[in-house]
Amino acid sequence: MERVIGGLHVALSSRQAFLLWLRQHVSGKGNGHVINANDAFRSAVDIVVCTTGEHHLIHGLRIPESLYRHQPTGAEPMRLGFACHEVLCKAIGNYDWYCYLEDDLLITDPMFFSKMEWFVKEFGEETTLSPHRFERSLSEPAHKLYHDGSVRPDFTSTWQDVTDRQFLEAEVLGKTIHFERWPNPHSGCFFLNARQMETWASKPWFGDGDSGFAGPLESAASLGVIKTFRQYKPSPINAGFLELEHLHPRYLGEALKFV
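Residues numbered from 1 in each chain as written. Predicted model: local features only at pLDDT ≥ 70, side-chain atom pairs only at ≥ 80, totals over all residues. Heavy atoms only, no water.

Participant: Please set out the overall build of the chain residue by residue, giving values where relevant.
Facilitator: In terms of regular secondary structure, the chain is built from six helices and 14 strands. Its C-alpha atoms give the chain a radius of gyration of 20 Å, near enough to 18 Å, the size a compact globule of 259 residues would have. Dimensions along the principal axes, computed over C-alpha positions, put the chain at roughly 70 × 45 × 40 Å. Residues counted as buried form 44% of the 259 residues belonging to the chain. The long-range share in the chain, meaning contacts at least 24 apart out of those at least 6 apart in sequence, stands at 70%. Of the roughly 14,300 Å² of accessible surface on the chain, a fraction of 54% belongs to carbon and sulfur atoms. (Helix = DSSP H or I, 4+ residues; strand = E, 2+ residues; numbered from the N terminus. Rg over C-alpha atoms; globule rule 2.2 N^0.38 Å. Buried < 20%, exposed > 50% of the residue type's maximum accessible area, 1.4 Å probe, protein only. Contact = heavy atoms within 4.5 Å. Areas by Shrake-Rupley, 256 points an atom, 1.4 Å probe, with all protein chains shown as cover.)

Participant: Help me get a handle on unusual backbone geometry, residues and values and all.
Facilitator: One non-glycine residue, Asn38, lies in positive phi territory at about 60 degrees. Inspection of the secondary structure puts Asn38 in the loop between β2 (30–36) and β3 (48–52). Overall, Asn38 belongs to the partly exposed group, its relative accessible area being 34%.

Participant: Can you lay out the pattern of salt bridges for me, pointing to particular residues and giving the numbers?
Facilitator: According to the stated counting rule, one finds 14 salt bridges in the structure shown. A salt bridge links Glu102 to Arg133; its shortest N-O distance comes to 3.9 Å. Placement of the pair is Glu102 in the loop between β5 (97–101) and β6 (105–106) and Arg133 in strand β8 (residues 132–136), with a sequence separation of 31 residues. The burial state of Glu102 is the same as that of Arg133; both residues are buried. (Salt bridge = Lys/Arg side-chain N within 4 Å of Asp/Glu carboxyl O.)

Participant: So, empty space enclosed by the protein: which residues are in play, and what are the values?
Facilitator: Considering all chains together, one arrives at two cavities of 30 Å³ or more under this definition. As a volume, the largest cavity reaches approximately 90 Å³. In terms of lining residues, the largest cavity is bounded by Phe82, His85, Trp200, Trp205, Gly207, Asp208, Gly209, Asp210, Ser219, Leu223, Gly224 and Lys227. Breaking the lining of the largest cavity down by element, the ones donating at least two residues are α2 (80–90) and α5 (216–228). The biggest single contributor to the lining of the largest cavity is α5, with four residues. Here the residues of the lining of the largest cavity sort into four nonpolar, five polar and three charged. Roughly 40 Å³ of volume is contained in the second largest cavity. Lining the second largest cavity are Thr128, Leu129, Ser130, Phe190, Phe191, Leu192 and Val225. Where the lining of the second largest cavity is concerned, the elements lending two or more residues are β7 (127–129) and β12 (189–193). Broken down by element, the residue count for the lining of the second largest cavity peaks at three residues, all from β12. When grouped by side-chain class, the residues that make up the lining of the second largest cavity number five nonpolar, two polar and no charged. (1 Å grid on protein atoms, 1.4 Å probe; cavity = no way out; pocket = protein on both sides within 12 Å on 5 of 7 lines; lining within 4 Å. Points joined across faces, edges and corners; volume = space filled by probe spheres on them. Nonpolar A, V, L, I, M, F, W, Y, C, P; charged D, E, K, R; others polar.)

Participant: Please set out the layout of surface pockets residue by residue, giving values where relevant.
Facilitator: Computed from the structure, the second largest pocket encloses a volume of approximately 190 Å³. As for the second largest pocket, its lining consists of Met111, Ser114, Lys115, Trp118, Val172, Leu173, Lys175, Ile177 and Phe241. In terms of residue class, the lining of the second largest pocket is made up of six nonpolar, one polar and two charged.

Participant: Go over the packing of aromatic side chains with me, naming the residues and quoting the values.
Facilitator: By the definition in use, this model includes 20 aromatic pairs. Taking the centre distance of 6.0 Å and the plane angle of 55 degrees together, the rings of Phe119 and Tyr232 count as tilted. Of this pair, Phe119 sits in helix α3 (residues 112–123) while Tyr232 sits in strand β13 (residues 230–234), placing them 113 residues apart in sequence. Take Tyr232: its relative accessible area is 0%, and that puts it in the buried class. Taken together, a centroid distance of 6.5 Å and an interplanar angle of 80 degrees make the contact between Trp159 and Phe213 edge-to-face. Here Phe213 lies in the loop between α4 (194–201) and α5 and Trp159 lies in the loop between β9 (144–146) and β10 (167–172), a separation of 54 residues in the sequence. Among the residues examined, Phe213 registers a relative accessible area of 2% and is labelled buried. Cation over ring: Lys115 sits above Phe241, and NZ or CZ is 5.1 Å from the ring centre. Its guanidinium or amino end placed over the ring of Phe134, Lys144 lies 4.4 Å from that ring's centre, counting from NZ or CZ. (Phe/Tyr/Trp six-rings, centres within 6.5 Å; stacked < 30°, edge-to-face > 60°. Lys NZ or Arg CZ within 6 Å of the ring centre and 35° of its normal.)

See below:
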């Protein structure tokens with residue numbers, strides 16, 4: 001969790017700087033000053049960590065407490081995601097983006113939210129873009145594995161029709177980037193802009209705790225979103241367009257047994 005919280009602040013927050021050297025000596029020493037960096041992408045980041053009451057290891061985190069807010073809840077561990085929905089709902093009107101992350105997902109891309117903002121402007125607020133999760137290991141034949149692959153088409157057909165406007169594409173930095181709807185919507189997270197969060201919160205299924213998709217953990221991250229929006233992910237040909245790292249790898253070695 002330390003890496004998850006720290007990664008959000010390092011990649012996205014306003015406390016980023018660029019060192020400019022005024023004079024460089026042969027010794028390698030010099031005089032310099034610091035200016036702001038990544039002003040085009042920086043954001044104010046507020047992080048709330050939800051736990052089951054006082055059953056947690058929050059006090060063992062080796063990061064400043066100022067980087068997050070602890071929110072004890074009455075939810076059972078597997079249903080903590082639904083408690084996070086309530087926290088997000090109470091904050092409506094205060095933020096540009098509302099996000100949910102499982103506690104082992106690392107964002108390092110400073111343009112992460114810029115890409116999602118572009119996507120919604122390009123294709124409409126009835127759409128959302130989810131990242132691919134990946135695992136990495138230099139000791140495996142594949143150093144990087146995106147593991148949220150497709151499932152049976154009927155697995156989520158109760159809640160979404162993935163054949164409805166299934167494929168999208170657009171030019172980004174001179175390349176054609178492809179997106180598609182997946183029968184498996186799960187990424188362990190979701191990201192909604194302010195208007196989308198208001199839209200979801202107004203639906204009768206918001207807050208119903210429905211865990212019909214795989215289980216409560218997966219449903220908290222995915223089910224309400226696919227009930228409300230057309231959800232897309234980058235196509236495999238450009239999967240890395242929007243990605244985050246799964247820090248507890250459990251698929252990489254197992255999946256490559258089938259290669």
